[in-house]
Each structure stands twice: as C-alpha cells, then as structure tokens.
Amino acid sequence: MGAEEEAGFEPAAGDGPSPLGPAEKRAAAVRTAFAGLAQIRRLTNTGHPDPESVPAPWELHRPVRAVALALEASGLTASAVEASGRRTATGYRVEPGTAPGTVRVEWTGPPGSGAAHEEEAELNRCAAALRASGWIALLYRGPRRRRFLEVEPPAVARSPDSP
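From a predicted model like this one, the values you see are computed outputs, not experimental measurements.

**Student:** Provide a residue-level description of the overall build of the protein, including the pertinent values.
**Tutor:** A tally of regular secondary structure across the protein gives six helices and six strands. Each principal axis of the C-alpha distribution contributes one length, and for the protein these read about 50 × 45 × 25 Å. Counting across all 163 residues of the protein, residues that qualify as buried make up 39%. A fraction of 46% describes how many contacts in the protein between residues 6 or more apart in sequence connect residues 24 or more apart. As displayed, the protein offers around 8,900 Å² of accessible surface, 56% of which is attributable to carbon and sulfur atoms. Side-chain charges in the protein split into 19 positive and 20 negative, and the spacing between the mean points of these groups amounts to 4 Å.

**Student:** So, the confidence of the model for the protein: which residues are in play, and what are the values?
**Tutor:** For the protein, the mean per-residue pLDDT works out to 91, and 92% of the residues sit at or above 70. A low-confidence stretch, residues 1-6 (pLDDT under 50), is modelled with five contacts involving residues beyond four sequence positions or located in other chains.

**Student:** Now, about the sheet that holds strand β5 (residues 136-141): what can you tell me, with residues and values included?
**Tutor:** Spatial strand order, β3-β4-β6-β5: four strands in an open sheet with antiparallel pairing. Pairing within the sheet leaves two strands with one partner each, and these edge strands are β3 (91-96) and β5. The sheet shows a mean angle of 30° between the axes of neighbouring strands, taken without regard to direction. Of the strand pairs in this sheet, β3 and strand β4 (residues 103-108) are connected by six bridges, and their pairing is antiparallel. For Val94, the partnering residue across the bridge sits in β4 and is Val105. Packing against the sheet, helix α4 (residues 63-73) makes contact with β3, β4 and β6 (147-152), and its axis sits at approximately 165° to β3. Helix α5 (residues 115-132) contacts β3, β4, β5 and β6 of the sheet and is inclined by roughly 140° relative to β4.

**Student:** Explain α5 residue by residue, including any values.
**Tutor:** Turn by turn, an α-helix covers 3.6 residues, leaving residues three or four places apart pointing in a common direction. The first and last C-alpha atoms of α5 sit 24 Å apart over 18 residues, in line with the 26 Å expected at 1.5 Å per residue. Considering bend angle alone, the principal kink of α5 is centred on Ala121 and spans about 35°. Tucked into the core, α5 has its buried residues touching α4, β3, β4, β5 and β6. Within two residues after α5, Gly134 carries a phi angle of roughly 95°, on the positive side.

**Student:** Hey, could you go over the environment of Ala155 for me, with residue numbers and the actual values?
**Tutor:** Among the structural elements, Ala155 can be located in helix α6 (residues 155-158). For Ala155, a relative accessible area of 47% translates into the label partly exposed. It is 9.9 Å that separates the C-alpha atoms of Ala155 and Trp135, two residues lying 20 residues apart in sequence.

**Student:** I'd like a rundown of the pairing of β6, residues and numbers included.
**Tutor:** In the sheet, β4 pairs with β6 via three bridges, with the strands oriented antiparallel. Residue Arg104 lies in a different strand from β6, and its bridge partner there is Glu150. Two strands pair when backbone bridges link them, and β5 and β6 are joined in this way by six bridges, in the antiparallel orientation. In the strand pairing of β6, Ile136 is matched with Glu152. With antiparallel pairing between neighbouring strands as the criterion, β5 and β6 make up a hairpin whose turn holds five residues, including Arg144 at a positive phi of roughly 60°.

**Student:** Could you give an account of the packing of aromatic side chains, naming the residues involved and the relevant values?
**Tutor:** Scanning all chains against the criterion turns up one aromatic pair. Here the aromatic rings of Tyr140 and Phe148 are separated by 5.7 Å at their centres, their planes lie at 25°, and the arrangement is stacked. Over the aromatic face of Phe148 sits the side chain of Arg104, whose NZ or CZ is 3.7 Å from the ring centroid.

Rules used in this analysis
Residues numbered from 1 in each chain as written. Predicted model: local features only at pLDDT ≥ 70, side-chain atom pairs only at ≥ 80, totals over all residues. Heavy atoms only, no water. Helix = DSSP H or I, 4+ residues; strand = E, 2+ residues; numbered from the N terminus. Buried < 20%, exposed > 50% of the residue type's maximum accessible area, 1.4 Å probe, protein only. Contact = heavy atoms within 4.5 Å. Areas by Shrake-Rupley, 256 points an atom, 1.4 Å probe, with all protein chains shown as cover. Lys, Arg positive; Asp, Glu negative; His and termini not counted. Charge placed at Lys NZ, Arg CZ, Asp CG, Glu CD. pLDDT = per-residue confidence, 0-100. Pairing = 2+ DSSP bridges. Axes fitted to C-alpha atoms, helices over the stretch in contact; angles between N-to-C directions. Expected span 1.5 Å × (residues − 1). Bend = angle between axes of the 7 residues up to and from the residue. Phe/Tyr/Trp six-rings, centres within 6.5 Å; stacked < 30°, edge-to-face > 60°. Lys NZ or Arg CZ within 6 Å of the ring centre and 35° of its normal.

Written out as structure tokens, the structure is:
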C-alpha cells in the first residue's frame, strides 16, 4: 500500500509537492475520485433535471478540494512547492476565496517561469473546465494587474429549497 492510499486521495491544489509516483497511477486515482464525485452528484442532486451538472452538497462544504479535483480531472497542471516553500512548478493554485463558499484560482509558477504571461489564457482554460463541471468562474484582475478566477457554485446548488 502506497503513501497516497494510506492517507487517502487528495487533489492537487498547487501549494503542495508535485504528486509522487507514476503519472499513470496518479491519473487513475484522479479518474476514480472524479467518478466518485459524479456518483455523489447523482445520488444527492436527485431533484435536479441533470444531477451531474451542479455541485453536490459535499462539494459546497469542501469547495477548495472540489474545485482542485475538477481542475486536475480536466487535465490541467497544478503548481507545486518544495518543503522550503519555494515554488517549483507552473500551474493553477486553488485557495479559499474572500467570501464564504468561494474559491480563488491563480496561475502561478517559480520566479522567471513566465507564469504571469500565460495566466490569462491558462485561467480561461481553468474557467472552461470549471464551468463544464457546474461551477461559476469569473476572471478578475487583482493587485499588480495579476489575473485570478473567483469560483462559486451556481445559485441552484446554494439554495436550500432547490429541486
């Protein structure tokens, strides 16, 4: 049993080390986790005409994890940092947003990686993947003119009396 199996699957959010082990094994774990998420949606969104098209209550309680899983499952690459905190890979970074239940997605990389020049195109790819997974993703420009996504569930997923 590997370390990931012992600790449980954790989607790459961009602030941890690069996933260890063979890429095929990681891809299989991501597919399994995303298929499990689709099953959760089917079972919990029974009143919705397309239950897989909106986040499930489970996701609303863990939006950072759910968004990171959607991004990784879509084939996008997460950023990574080494133990010292030095960024070692260019990719998306997912963190809690400023409002409850929201998530912020940035495109970041090591100094000199060119991440700032790629961010608009790459964040648009992230937004497309998240929208396909039922999230609302809006592109903003923040301090130092750096772009980021603000991600939230659609109103139908948030409302307590939704179908």
